[in-house]
Amino acid sequence: MKEVFKNLNKGEKDMKKVFKNHQERVGNTPIVRWGMYRDVEIFLKLEGTNPTGSLKDRSALAIIKNKLENGELKKGMRLLDASSGSFACSMAYFGNRFGFKSVVVVNKKLTRINDMFLQGQEAEIIHYGDVTGDGYRRCLEMIQESPGKYCFLDQLNNWASPQAHYDSTAPEIIEAMPDVDFIAASMGSGATLCGISTFINEKKPEVKIIASNGKMGGKKIAGTFVEGPDYITPFIKSLQEKKLIDFIGYVSYEQAINHVRQDLMTKGFNVGPQTGGVFEAVIQAIDTLNLRGNLVIISGDHSWKNMDKLFPEMFS
Ligand SMILES: Cc1ncc(COP(=O)(O)O)c(C=O)c1O
């Protein structure tokens, strides 16, 4: 377990490398031990340490680079995509790094801090619908209305996104923790789990995959897919068809927030609701299947971007 931090004091290790730019800072996120729950030792891979505070930096950077390489992204174009917030921030931030402004179609899941972040990146913000699937349909209309104006990143269908997790997130886990038994993550577009579980299926099929889905009804957790009203992406279809997920936990917004406040932040994990949701799915999996071994949670979000959701009483 060479890169796994047993406590929170070894971050200085990363400081030995000097980064030439912010793109280099994406990925290689730390894995930190949370503790034991029953017979399972739980670790969190802290994607919130990426430049904009979420795992979507991996996808946005990979897609933008891919579009530049294949010539689809040309000078003067605007980047366009739908997102509940995290991907929008990553797109606007990395778009700016490469000299492109962004138009983001966001929905009700957008946090106030993400909204401010997007304004800081001078993104054009369009509020539309309840879920990213609604925004996706609006993007398609916008492309028809103004041909050639936008470069549509299409995170819900672009295979460069799961590829980024196949190429980086999954190998990072296996390199740091060769003795991992379980990996848990949420499904938003499904790209993270599609990339990770495809890699695991090929290289280490004994590792079991746990997913968190949102419960129907009630408030929605960003980065967490709800069966029924949400879209189905090709990544989720592929996960279902190839049966790459071993356990799905269904999680409410309230459960997710409570875990962050009571079980994660109290132990120094500055994470957001997506992570609380995955934590709940993990507890359900351990209780249902009596698991034993080492488990890594992909913690997709940082608390700073979600403070208004985590502590609404302070933002009224
Ligand atoms: C913070 C966060 N974590 C995880 C996810 C899920 O990632 P994916 O879309 O790759 O399934 C999302 C997606 O919106 C997210 O915003």
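Details of the structure are given in the entry above.
These figures come from a predicted structure and were not determined experimentally.

K.L.:
When you look at the packing of aromatic side chains in this model, what are you seeing that I'm missing?
P.N.:
When we look at a pair of aromatic rings, we describe it by the centre distance and by the angle of the planes. In the structure shown here, the tally under the stated rule is six aromatic pairs. Ring geometry for Tyr166 against Phe199: centres 5.5 Å apart, planes inclined by 75 degrees, an arrangement best described as edge-to-face. Remark: Phe199 occurs in helix H6 (residues 191-203) and Tyr166 occurs in helix H5 (residues 160-176); sequence separation between them is 33 residues. On the basis of relative accessibility, which here comes to 10%, the residue Phe199 falls in the buried class. Above the face of the Trp34 ring, Lys267 is positioned so that its terminal group lies 4.4 Å from the ring centre. Taking the ring centre of Phe117 as reference, the NZ or CZ of Lys305 above it sits at 5.3 Å.

K.L.:
What should I look at first to understand unusual backbone geometry in this one?
P.N.:
Residues apart from glycine generally show negative phi values, whereas peptide bonds are mostly found in trans. A positive phi angle is found at Glu122, which is not glycine, with a value near 60 degrees. Position of Glu122 relative to the elements: it lies in the loop between helix H3 (112-120) and strand S6 (124-127). For Glu122, a relative accessible area of 54% puts it in the exposed group. Look at Asn290: it is not a glycine, yet its phi comes out positive at around 50 degrees. Relative to the elements of secondary structure, Asn290 occurs in the loop between helix H9 (273-289) and strand S11 (293-299).

K.L.:
What should I look at first to understand the pairing of strand S8 (residues 182-186) in this one?
P.N.:
In summary, the side chains of a regular strand alternate between the two faces of the sheet. S8 sits mainly inside the fold: five of its five residues count as buried. Burial along S8 is two-sided: Phe182, Ala184 and Ser186 facing one way and Ile183 and Ala185 facing the other are all buried. In this sheet, strand S9 (residues 208-214) lies alongside S8 in parallel orientation, the contact comprising five bridges. Opposite Ser186, over in S9, you have Ser212 as the bridge partner. Between the parallel elements S8 and S9, the chain passes through H6 in a crossover that is right-handed. Pairing of S8 with S11 involves three bridges; the strand directions are parallel. Paired with Ile183 across the two strands is Val296, which belongs to S11.

K.L.:
Please clarify how the pattern of salt bridges should be interpreted in this entry.
P.N.:
Pairing between side chains of opposite charge can happen when the charged atoms of each approach one another. Evaluated as defined, the whole model comprises 15 salt bridges. For Glu47, the salt bridge goes to Arg58, with nearest N and O atoms at 2.8 Å. Here Glu47 is found in the loop between strand S3 (40-46) and helix H1 (56-69), whereas its partner Arg58 is found in helix H1, with 11 residues between them in sequence. With relative accessibility at 0%, the residue Glu47 sits in the buried group. The residue Asp130 makes a salt bridge to Lys108 at a minimum N-O spacing of 2.9 Å. Placement of Asp130 in the loop between S6 and helix H4 (132-145) and of Lys108 in the loop between strand S5 (102-106) and H3 is noted, with a sequence separation of 22 residues between them. By relative accessible area, Asp130 is classed as partly exposed at 38%. Assessed through its relative accessible area of 64%, Lys108 is described here as exposed. Here the salt bridges do not stand alone but share partners, grouping Lys45, Glu47, Arg58 and Glu172 into one network.

About the cut-offs
Residues numbered from 1 in each chain as written. Predicted model: local features only at pLDDT ≥ 70, side-chain atom pairs only at ≥ 80, totals over all residues. Heavy atoms only, no water. Phe/Tyr/Trp six-rings, centres within 6.5 Å; stacked < 30°, edge-to-face > 60°. Helix = DSSP H or I, 4+ residues; strand = E, 2+ residues; numbered from the N terminus. Buried < 20%, exposed > 50% of the residue type's maximum accessible area, 1.4 Å probe, protein only. Lys NZ or Arg CZ within 6 Å of the ring centre and 35° of its normal. Pairing = 2+ DSSP bridges. Right-handed = clockwise from strand over helix to strand, strands pointing away. Salt bridge = Lys/Arg side-chain N within 4 Å of Asp/Glu carboxyl O.

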